[in-house]
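Chain by chain, the residues run as shown.
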Amino acid sequence: MSGSAPARPKKHFGQHFLHERGVVERIVRAIAPQADDTLVEIGPGEGALTLPLLAAAGRLTAIELDAELIPALEAAARPVGLLEVIRADVLRVDLAALAAGRRLRIAGNLPYYISSPILFHCLDYADAIADMHFMLQREVVERMAAAPGSKVYGRLSVMLQLACTVEPLFRVAPGAFRPPPKVDSAVVRLTPKPPAQRPQADPARIATVVRAAFGQRRKTLSNALRGVLDADALRTAGIDPQARAETLAPEVFVRLAQLPHD
Ligand code: SAM
């Protein structure tokens, strides 16, 4: 970044800074920011994505946990556009309050150590979000997009696919980052479904059922769901109690969550 020595990346903040221009350009093209977008970036770091997004949209709100990075980021952004940096852990940020009635377009090369909690946090605010573009561990993107029956199909696949359209976009090799992570990465687009297409069941109940169903992968559904739903209820709903969670489509978990329970 202009005028300042690059920061020494901090492992405990999951810092891997993007330096490959071609990758930055592909991400920005995938996002296709427009002048009236309400853009939010999670973990701007040194600004690899922030500055081109800001140049395209004119304004952007960034949420960064590492206070040390913020002064240089603000200085670099000043000639480019209106950057507001919120110094916070994104998991504590109320995204609906940030949206203030508009729908957010969220982007981020996420810190991999908390990528799943960040995804679930964003899902809690699906109504306030237009779309999300995230760089994640490739393996996480594969889990998010997996179909029933796949080895990597699980809780993350079901919860994300119920709430969003999941589109894996492209892979990114470790060499695109400083320092290079030990894993391959991938960029994914998540588009929250309109409310009418979202599950008609209590979200907390869906979360409970899905967590229990995948908590013990090798167990049959009736065993995994012991204490959450009984086998008779499963049979009444036309669901085989001997089935295993990893074979069931996301919609089946909605049906399970709709069943009467104690
Ligand atoms: N966007 C930059 C880039 O692409 O070069 C940095 C990406 S780096 C993988 C992740 C960024 O998220 C770092 O800047 C890190 O400090 C920040 N971060 C880590 N934990 C965070 C949290 N809980 N809330 C907000 N930002 C966080």
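Small disclaimer: the values here were computed from a predicted structure and weren't measured.

Observations regarding the overall build of the chain
Step number 1: Tallying secondary structure elements over the chain gives 11 helices and 9 strands in all.
Step number 2: Relative to its length of 262 residues, the chain is compact, with a C-alpha radius of gyration of 20 Å against a globular reference of 18 Å.
Step number 3: Sequence separation of at least 24 residues holds for 66% of the intrachain contacts in the chain that already meet a minimum separation of 6.
Step number 4: For the chain, the accessible surface area stands at approximately 12,800 Å², while carbon and sulfur atoms represent 52% of it.
Step number 5: In the chain, which carries 32 positive and 27 negative side-chain charges, the distance between the mean positions of the two groups comes to 5 Å.

Quick look at the site of the ligand
Step number 1: Neighbouring the ligand are 24 residues; Gln15, Leu18, Gly43, Glu64 and Asn109 lie closest to it.
Step number 2: At 3.0 Å, a side-chain N or O of tyrosine 113 approaches a nitrogen atom of the ligand.
Step number 3: For the ligand, whose free accessible area comes to 600 Å², the fraction covered by protein is 99%.
Step number 4: Going through the elements one at a time, β1 (17–18) and β3 (59–64) are the ones with two or more residues in the shell around the ligand.

Details of the domain arrangement of the chain
Step number 1: Along its sequence, the chain is carved into domain 1 (11–197) and domain 2 (203–258).
Step number 2: Relative placement of domain 1 and domain 2: their C-alpha centres are 31 Å apart.
Step number 3: Counting residues at the interface gives 11 residues for domain 1 and 15 residues for domain 2.
Step number 4: Carbon and sulfur atoms make up 68% of the area that domain 1 and domain 2 hide from each other, which totals about 960 Å².
Step number 5: Our enumeration of links across domain 1 and domain 2 arrives at 0 salt bridges.

Things to note about the packing of aromatic side chains
Step number 1: Going through the model one piece at a time under the given rule, you end up with 2 aromatic pairs.
Step number 2: Between the aromatic rings of tyrosine 153 and phenylalanine 214, the centroid separation amounts to 6.0 Å while the plane-to-plane angle is 75 degrees, which identifies the pairing as edge-to-face. Here tyrosine 153, found in the loop between α6 (138–145) and α7 (155–163), pairs with phenylalanine 214, found in helix α8 (residues 203–215); they are 61 residues apart in sequence, far enough to count as distant.
Step number 3: Overall, the relative accessible area of 0% leaves tyrosine 153 in the buried class.
Step number 4: The exposure class of phenylalanine 214 is buried, given its relative accessible area of 9%.
Step number 5: Grouping aromatic residues by their ring pairs yields a cluster made of Tyr153, Phe214 and Phe253.
Step number 6: We note arginine 26 situated over the ring of phenylalanine 170; from NZ or CZ to the ring centre the distance is 4.0 Å.

Focus: the environment of glutamine 161
Step number 1: As for its position among the elements, glutamine 161 is in helix α7.
Step number 2: A residue is classified by how much of its surface remains accessible, and glutamine 161, at 18% relative accessible area, is buried.
Step number 3: Remark: the alpha-carbon pair of glutamine 161 and leucine 190, spanning 29 residues in sequence, is separated by 9.1 Å.
Step number 4: The contact partners of glutamine 161, leaving out residues within four places of it in the chain, are Met144, Ala145, Ala146, Val166, Lys193 and Pro250.
Step number 5: A polar atom in the side chain of glutamine 161 sits 2.9 Å from the backbone oxygen of methionine 144.
Step number 6: A polar atom in the side chain of glutamine 161 sits 2.8 Å from the backbone oxygen of alanine 146.

Points about the sheet that holds strand β2 (residues 38–42)
Step number 1: What the 7 strands build is an open sheet, ordered β4-β3-β2-β5-β6-β9-β7; its pairing is mixed. A strand with exactly one partner marks an edge of an open sheet, and here the two such strands are β4 (82–87) and β7 (164–172). This sheet shows a mean twist of 20 degrees between the axes of neighbouring strands, independent of strand direction.
Step number 2: Alignment of β2 against β3, held across 3 bridges, turns out to be parallel. Pairing of isoleucine 42 across the sheet is with isoleucine 63, part of β3.
Step number 3: Contacts between α6 and the sheet are confined to β6 (129–137), β7 and β9 (185–192), with β6 contributing the most and set at about 135 degrees to the helix.

Parameters at a glance
Residues numbered from 1 in each chain as written. Predicted model: local features only at pLDDT ≥ 70, side-chain atom pairs only at ≥ 80, totals over all residues. Heavy atoms only, no water. Helix = DSSP H or I, 4+ residues; strand = E, 2+ residues; numbered from the N terminus. Rg over C-alpha atoms; globule rule 2.2 N^0.38 Å. Contact = heavy atoms within 4.5 Å. Areas by Shrake-Rupley, 256 points an atom, 1.4 Å probe, with all protein chains shown as cover. Lys, Arg positive; Asp, Glu negative; His and termini not counted. Charge placed at Lys NZ, Arg CZ, Asp CG, Glu CD. Near = heavy atom within 4 Å. Polar contact = N/O pair within 3.5 Å; in protein donor to acceptor, adjacent residues only side chain to side chain. Domains from an automatic or database assignment. Buried area = accessible area lost by both parts, 1.4 Å probe. Salt bridge = Lys/Arg side-chain N within 4 Å of Asp/Glu carboxyl O. Phe/Tyr/Trp six-rings, centres within 6.5 Å; stacked < 30°, edge-to-face > 60°. Buried < 20%, exposed > 50% of the residue type's maximum accessible area, 1.4 Å probe, protein only. Lys NZ or Arg CZ within 6 Å of the ring centre and 35° of its normal. Pairing = 2+ DSSP bridges. Axes fitted to C-alpha atoms, helices over the stretch in contact; angles between N-to-C directions.

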